[in-house]
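Remarks on the overall topology
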Amino acid sequence: MHDAIHVDYDTMIPNNVGLSEDRKVLKALEKWHPGYIDWWKGLGPDGFQEALVYLRTAVSVDPKGWAKFDYVKMPEYRWGILLAPQEEERKVPFGEYKGEAAWQEVPGEHRAMLRRLIVIQGDTEPASVEQQRHLGATAPSLYDMRNLFQVNVEEGRHLWAMVYLLQKYFGRDGREESEELLQRHSGDPDKPRMLGAFNEATPDWLSFFMFTFFTDRDGKMQLESLAQSGFDPLSRTCRFMLTEEAHHMFVGETGVGRTIQRTCDAMNEAGIDDPYDINRVRDLGVIDLPTLQKKANMHYTLSLDLFGSEVSTNAANAFNAGLKGRFHESRIEDDHQLTKDTYPVVKRVNGHIEMVDTPALSALNMRLRDDYARDCEKGVGRWNKIIEKTGVDFQLKLPHTAFHRGIGEFAQSEASPDGDILSADEWAARKDDWLPSKADGDFIASLMEQVTTPGKYAGWIAPPKVGIDNKPGDFEYVKIDPS
Ligand code: BYC
Ligand code: FE
Ligand code: FE
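We now turn to the structure provided with this report. What you see is a predicted model; the values in this text were computed from it and never measured.

Attention now goes to the site of ligand 1. Inspection of the region around ligand 1 gives 25 residues, with Gly219, Gly308, Ser309, Ser312 and Asn314 positioned closest. Listed by contribution, the elements that provide at least two residues to the shell around ligand 1 are helix 2 (111–131), helix 5 (205–227) and helix 9 (313–320). For the shell around ligand 1, the element with the most residues is helix 2, which contributes six residues. Broken down by class, the residue content of the shell around ligand 1 amounts to seven nonpolar, 12 polar and six charged.

Turning our eyes to something else, we now look at helix 4 (residues 171–183). The end-to-end C-alpha distance of helix 4 is 19 Å, a good match for the 18 Å that 13 residues give at a rise of 1.5 Å each. For helix 4, the full list of buried residues reads Gly174, Glu177, Ser178 and Leu181. Summarising the axial view, the buried residues of helix 4 lie within an arc of 105 degrees, below the 170-degree limit, and thus occupy one face. Projecting away from the buried face of helix 4 at angles above 90 degrees are the exposed residues Arg172, Glu176, Glu179, Glu180 and Gln183. At its buried positions, helix 4 is contacted by helix 1 (23–43), helix 2 and helix 3 (142–169).

In the contact formed by helix 1 and helix 4, the axes pass within 10 Å of each other and the chain directions differ by 10 degrees. Taken as axis vectors, helix 1 and helix 4 run roughly parallel relative to one another. In this structure, helix 1 contributes Ala28, Trp32, Gly35, Tyr36 and Trp39 to the contact, and helix 4 contributes Arg175, Ser178 and Leu182. For the contact of helix 1 with helix 4, the class distribution of residues is five nonpolar, two polar and one charged.

So, on to the nonpolar core. Counting residues in hydrophobic clusters, the biggest one holds 114 residues, and the most contacted among them are Ile81, Ile118, Phe149, Val163 and Met210. A per-element tally of this core places helix 3 first, with 16 residues. The residues touching methionine 210, leaving out its near neighbours within four places in the chain, are Gly252, Val256, Lys295, Ala296 and His299.

Take unusual backbone geometry next. Although it is not a glycine, glutamate 89 sits at a positive phi angle of roughly 55 degrees. One non-glycine residue, histidine 336, adopts positive backbone phi at about 60 degrees.

Turning our eyes to something else, we now look at the environment of threonine 263. Along the chain, threonine 263 turns up in helix 6 (residues 232–270). Sequence-wise, threonine 263 and valine 286 are 23 residues apart; in three dimensions their C-alpha atoms are separated by 5.4 Å. Filtering out sequence-adjacent residues up to four positions away, threonine 263 remains in contact with Val281, Val286, Ile287, Asp288 and Leu289.

So, on to the sheet that holds strand 2 (residues 67–73). The three strands are arranged 2-1-7 in an open sheet whose pairing can be described as antiparallel. Edge positions in the open sheet fall to strand 2 and strand 7 (478–479), since each of these has one partner strand only. Relative to strand 7, strand 1 (residues 52–58) runs antiparallel, the two being bridged by two bridges. Among the inter-strand pairings, valine 53 is bridged to a residue of strand 7, identified as valine 478. Running over the sheet, helix 3 touches strand 1 and strand 7 and is turned about 45 degrees from strand 1.

Conventions used here
Residues numbered from 1 in each chain as written. Chains lettered and ligands numbered in written order. Predicted model: local features only at pLDDT ≥ 70, side-chain atom pairs only at ≥ 80, totals over all residues. Near = placed C-beta within 6 Å. Helix = DSSP H or I, 4+ residues; strand = E, 2+ residues; numbered from the N terminus. Nonpolar A, V, L, I, M, F, W, Y, C, P; charged D, E, K, R; others polar. Expected span 1.5 Å × (residues − 1). Buried ≥ 20, exposed ≤ 12 C-beta atoms within 10 Å, placed from the backbone. Arc of directions from axis to C-beta. Contact = placed C-beta atoms within 7 Å. Axes fitted to C-alpha atoms, helices over the stretch in contact; angles between N-to-C directions. Parallel < 35°, antiparallel > 145°, perpendicular 65-115°, else oblique. Core = buried A, V, L, I, M, F, W, Y, C linked by C-beta atoms within 7 Å. Pairing = 2+ DSSP bridges.

So this is what it looks like as structure tokens:
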């Protein structure tokens, strides 16, 4: 018997699922491994494959002590398959089969739907690594560079997590899907990644921080919903992934927070009161707050699109089938079947916006998006506290969900960040006030310079409050040229 808490490092693929006793799946994964390494070397972090990076590796799935820190060359990182421990007597927590024993095998009649959910989840993970591959060249410090690479190796591990499920539970189809996960690429005109936001560029570090704050948070919400799944291996996989996701959002929240801090400090030192005095603020070599707002608008709305349409039969079917639940399903007090309930959904009615009660089952995407928006609000509130403490008079604000949307009720119309429906001309005239313009992008790009002296930071961002793994301020988190 294998020990389900500690990770077996004897096999080529570290795991806590007893792979050494599961020869067939081990063989399939070993066969997939070289293609993965090729992908990592070709489309993972550009130019840092020989660097020694101070990374954490999971050695256990015990929440109290799962990580070990050490210098690793990224291609030699021990990507492993780690599932949270199996809960005794776990039941399907919602939907048509609520109360039945959770499934240890794929429920035959829902096989295609389950596979699709796993493939979509799997597709986003390598996509984000591809999107971020050029950022090492402009890292504002070794601390930030290391955090980028930590996020990247963990997203790589998340791909392994989904590939394990595909190869163990879906036979030949699963092996084919695993191959295709390495063949689609972010932004590829012929074989793009599956979801919109994962084909966008991540051109600069502010985008990276906004992405890990907003888009990794979609990851959190989706993983929370899949962690409720009646298909137990998926639930256990997602529960462990969520512990890693927390760090990705930390990187985003503190990255934006430190950017805000530096801007406000520089404004105060220079005696600039007006945050909209953009040229003077930019002359200080920091990113003005209105531009930060535009970047937030962009990444928030791209992430809202990841929840799908507000009203969705896919979502209703996945819930009914017991495959994908709600955020904190077990804490919700209702019948967990929703056949008689309604939920308010945002609709465009005669040129204005209304909330319309809709059958709750078909409104599950809207509901998860509402939970997501609340989670984002809290983080934005923490950013505003940073601004407030510096005395600068400015507040960041999330735009209305009708603003700048590509999916759902507002995909065909334009709205202002306050939610006023606009004509195409009005939109065209105001767009650059609300979303990053070419000039904004060029300005941000002009600040992006690589800083590789331990303990030093680019001028546009404040140092972090504490180091990683309690390391001192001048710790060399990445040895770029270790020879
Ligand atoms: N782009 O019924 P609908 C993460 C498609 S992020 C392109 O409205 P549904 C991470 C949809 O596929 C989390 N297409 O939506 C973060 C469907 O197509 P088909 C990733 C889109 O299916 C950072 C049609 O439109 N995990 O982990 O209820 C770094 C109608 O769909 C989009 C998941 O998403 C779009 N934005 O919901 C690294 C969880 N939206 O089938 C990683 C698994 C919709 O008619 N996925 N479409 O051809 C799901 O639960 C659902 O598929 C979705 C969409 C929530 C994505
Ligand atoms: Fe992930
Ligand atoms: Fe993530």
